Amino acid sequence: MKVLVVGGGGREHAICWKLAQSPRVTELYCAPGNAGIAQVATCVNIKATDVEAMVAWAKENAMDFVMVAPDDPLALGMVDAMEAAGIRAFGPRANAAVIEASKAFSKSLMKKYHIPTAKYETFTELDKALAYIRQEGAPIVVKADGLALGKGVVVASTVEEAETAVREMMEDHKFGASGSTVVIEECMVGPEVTVLAFCDGEHLVPMLSSQDHKRAYDGNKGPNTGGMGAFCPSPNYTPEVADRCMKEIFLPTVAALQAEGRPFKGVIYFGLMLTKDGPKVVEYNARFGDPETQPILSMLDTDLLDIFEACVDGTLDKLDIQWKSGAACCIVLASGGYPMAYEKGYPISGLEEAGKSATVFHAGTALGEDGSVVTNGGRVLGVTALGDTLPQAIDNAYAAAKHITWTDMHFRTDIGKV
Ligand code: AMP
Ligand code: GLY
């Protein structure tokens, strides 16, 4: 089969790496891809958000299957457009991807179907938002409604901090139109766990649990990032917790979306907090997480194309999905300065050596003029290793990462430990 993956980060490298192992994938393409993805797929120079050009290319080149990985083309309806052109596509349609694209939508869905989450109110007027903050007091959480690259959330420890956040979103339009509606919610406390699940509209199969590290610096300090590392499975996600999540959150979410006429086919990302009152939803995403996907797919034994097709065909209940035992850990190597301003174009050394004992997924890389790999983004690489235990996986990932270097490279030294 000819398969196209849409996207070009570490997550898409992991997806392409896994798909390339499928004997049924005869030709693999990725748009736009990156220098690492180019080792396993043919990169196509089309922007992930260019729905029209992507559909036209997929049609012209007779793709049998398209996998849409990032949030923005999903929200823009790329899967709907592929289907309309007669191409089988993996990922939610726009009307289901809205569980990520609008926090106001997902919060009201949870309220209507009694799915446990933080208490909240939605506001479109600044005065009412400020009054609510003063009434509820701190700590309190302020979120821009729309997609804001994971940066539209402020966990405020004082009323003043919350007020400033709301003003920045609603008055100064720090996140553009994403912030004209804000969600203000109760601050939850407890360990955070991510569970990604395959869905076929009706059935749901959770993957291994995982945890990511969103803050830029050691000790969970510094600004929020897209994720500085991840590991799986999470020791906090016991069989008892898993059972409760399935009954109280996962199955009710799939049923709710189906009941609303928005059947979800693709991957649902459940961001969970294990509070003293039980597991609650922090957020839904409508896609694989990045960097969680890198360790998770490293642990998958089943053919990924078989799973994707079962999701599209509604036959997930007939598939037996197998995972390796042990654990996996991914260390993100980032550009100095990320998530703020950073330089690009630095040559990277040590990739081959690191690749002997780990899988080095490329997130932001390009080929330099001399054909060598250079930095081309904030998150540059995700060094991913397996181990019989989580501490071993962490040690293996750091041991491999030690070989890699470039000017101003930055990474956290405590992935999996805090
Ligand atoms: P989100 O983009 O919704 O995942 O939020 C980013 C991060 O903010 C989450 O991973 C949590 O650490 C934190 N957060 C979001 N909502 C809450 C909440 N209601 N209570 C406590 N922390 C939260
Ligand atoms: N790692 C967080 C996310 O993918 O949203």
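Residues numbered from 1 in each chain as written. Chains lettered and ligands numbered in written order. Predicted model: local features only at pLDDT ≥ 70, side-chain atom pairs only at ≥ 80, totals over all residues. Heavy atoms only, no water.

Peer 1: For this particular structure, what's the right way to read the site of ligand 2?
Peer 2: Around ligand 2, the neighbouring residues are D212, G226, Y269, N285, R287, G289, D290, P291 and E292. Contacts to ligand 2 include G226, whose backbone N or O atom sits 3.5 Å from a nitrogen atom. In the model, a nitrogen atom of ligand 2 is placed 2.9 Å from a nitrogen or oxygen of the E292 side chain. Coverage of ligand 2 by the protein chains reaches 89% of its 200 Å² of free accessible surface. For the shell around ligand 2, the class distribution of residues is two nonpolar, three polar and four charged. (Near = heavy atom within 4 Å. Polar contact = N/O pair within 3.5 Å; in protein donor to acceptor, adjacent residues only side chain to side chain. Areas by Shrake-Rupley, 256 points an atom, 1.4 Å probe, with all protein chains shown as cover. Nonpolar A, V, L, I, M, F, W, Y, C, P; charged D, E, K, R; others polar.)

Peer 1: Is there a simple way to explain the packing of helix α7 (residues 126–136) against helix α8 (residues 159–170) in this structure?
Peer 2: Geometry of a packed helix pair, given as the angle between the helix axes and the separation of the axes. The N-to-C vectors of α7 and α8 enclose an angle of 165°; their axes lie 10 Å apart at closest approach. With respect to each other, α7 and α8 are oriented roughly antiparallel. Seen from above, α7 lies across α8 with right-handed handedness. Facing α7, whose interface residues are L126, A129, L130, I133 and R134, α8 presents V159, A162, E163, V166, R167 and M170. (Axes fitted to C-alpha atoms, helices over the stretch in contact; angles between N-to-C directions. Helix = DSSP H or I, 4+ residues; strand = E, 2+ residues; numbered from the N terminus. Parallel < 35°, antiparallel > 145°, perpendicular 65-115°, else oblique. Left-handed = near helix turned anticlockwise from the far one by under 90°. Contact = heavy atoms within 4.5 Å.)

Peer 1: What should I look at first to understand the side chain of E12 in this one?
Peer 2: Among the secondary structure elements, E12 is positioned in helix α1 (residues 10–19). Setting aside chain neighbours within four positions, we find E12 in contact with V5, V6, G7, I37, A69 and P70.

Peer 1: Teacher, can you tell me more about the site of ligand 1 here?
Peer 2: In the region of ligand 1, 15 residues are neighbours, and E185, E186, M188, E192 and E283 sit closest. K143 is positioned such that a nitrogen or oxygen atom in its side chain is 3.1 Å from a nitrogen atom of ligand 1. Contact between ligand 1 and E283: an oxygen atom at 2.7 Å from a side-chain N or O atom of the residue. Within the complex, 90% of the 470 Å² of free accessible area of ligand 1 lies under protein. Here the shell around ligand 1 is built from residues that sort into eight nonpolar, no polar and seven charged.

Peer 1: Please explain the pattern of salt bridges as it appears in this structure.
Peer 2: Close approach of charged atoms allows side chains of opposite charge to pair. Summed over all chains, the structure comprises 22 salt bridges. Salt-bridge contacts for K318 lead to D317; the nearest nitrogen and oxygen are separated by 3.8 Å. Among the residues examined, D317 registers a relative accessible area of 45% and is labelled partly exposed. (Salt bridge = Lys/Arg side-chain N within 4 Å of Asp/Glu carboxyl O. Buried < 20%, exposed > 50% of the residue type's maximum accessible area, 1.4 Å probe, protein only.)

Peer 1: Please explain the sheet that holds strand β14 (residues 229–232) as it appears in this structure.
Peer 2: Within a sheet, each strand pairs with its neighbour through backbone hydrogen bonds, oriented either parallel or antiparallel. Spatially, eight strands are ordered β16-β15-β10-β11-β14-β17-β21-β18 in an open sheet, and the strand pairing comes out antiparallel. Taken across any chain shown, the strands that pair with only one partner, and hence form the sheet edges, are β16 (278–285) and β18 (359–362). Across this sheet, the average inter-strand angle for adjacent strands is 25°, counted without regard to direction. Two strands pair when backbone bridges link them, and strand β10 (residues 192–200) and strand β11 (residues 204–212) are joined in this way by five bridges, in the antiparallel orientation. Bridging across to β11, A197 finds its partner in P206. (Pairing = 2+ DSSP bridges.)

Peer 1: Even after reading the chapter, I still don't get the sheet that holds strand β6 (residues 120–123), so can you show me in this structure?
Peer 2: Spatial ordering of the open sheet is given by β6-β9-β7-β8, a layout of four strands whose pairing is antiparallel. A single partner strand is all that each edge strand has here, and the edge strands are β6 and β8 (153–156). Strand-to-strand twist across the sheet, computed as the mean angle between neighbouring axes with direction ignored, equals 20°. Of the strand pairs in this sheet, strand β7 (residues 140–144) and strand β9 (residues 182–186) are connected by five bridges, and their pairing is antiparallel. Residue pairing for β9: A144 is matched across the bridge by V182. Packing of α8 onto the sheet brings it into contact with β6, β7, β8 and β9, and relative to β7 it is tilted by some 10°.

Peer 1: Just to check I follow, could you spell out the side chain of T293 for this structure?
Peer 2: Relative to the helices and strands, T293 resides in helix α10 (residues 293–298). Overall, T293 belongs to the buried group, its relative accessible area being 0%. Looking at T293, its side chain comes within polar contact range of the main-chain oxygen of G289, at 2.4 Å. Leaving out residues up to four positions away in the same chain, T293 has contacts with R11, A14, I15, L196, F288 and S298.

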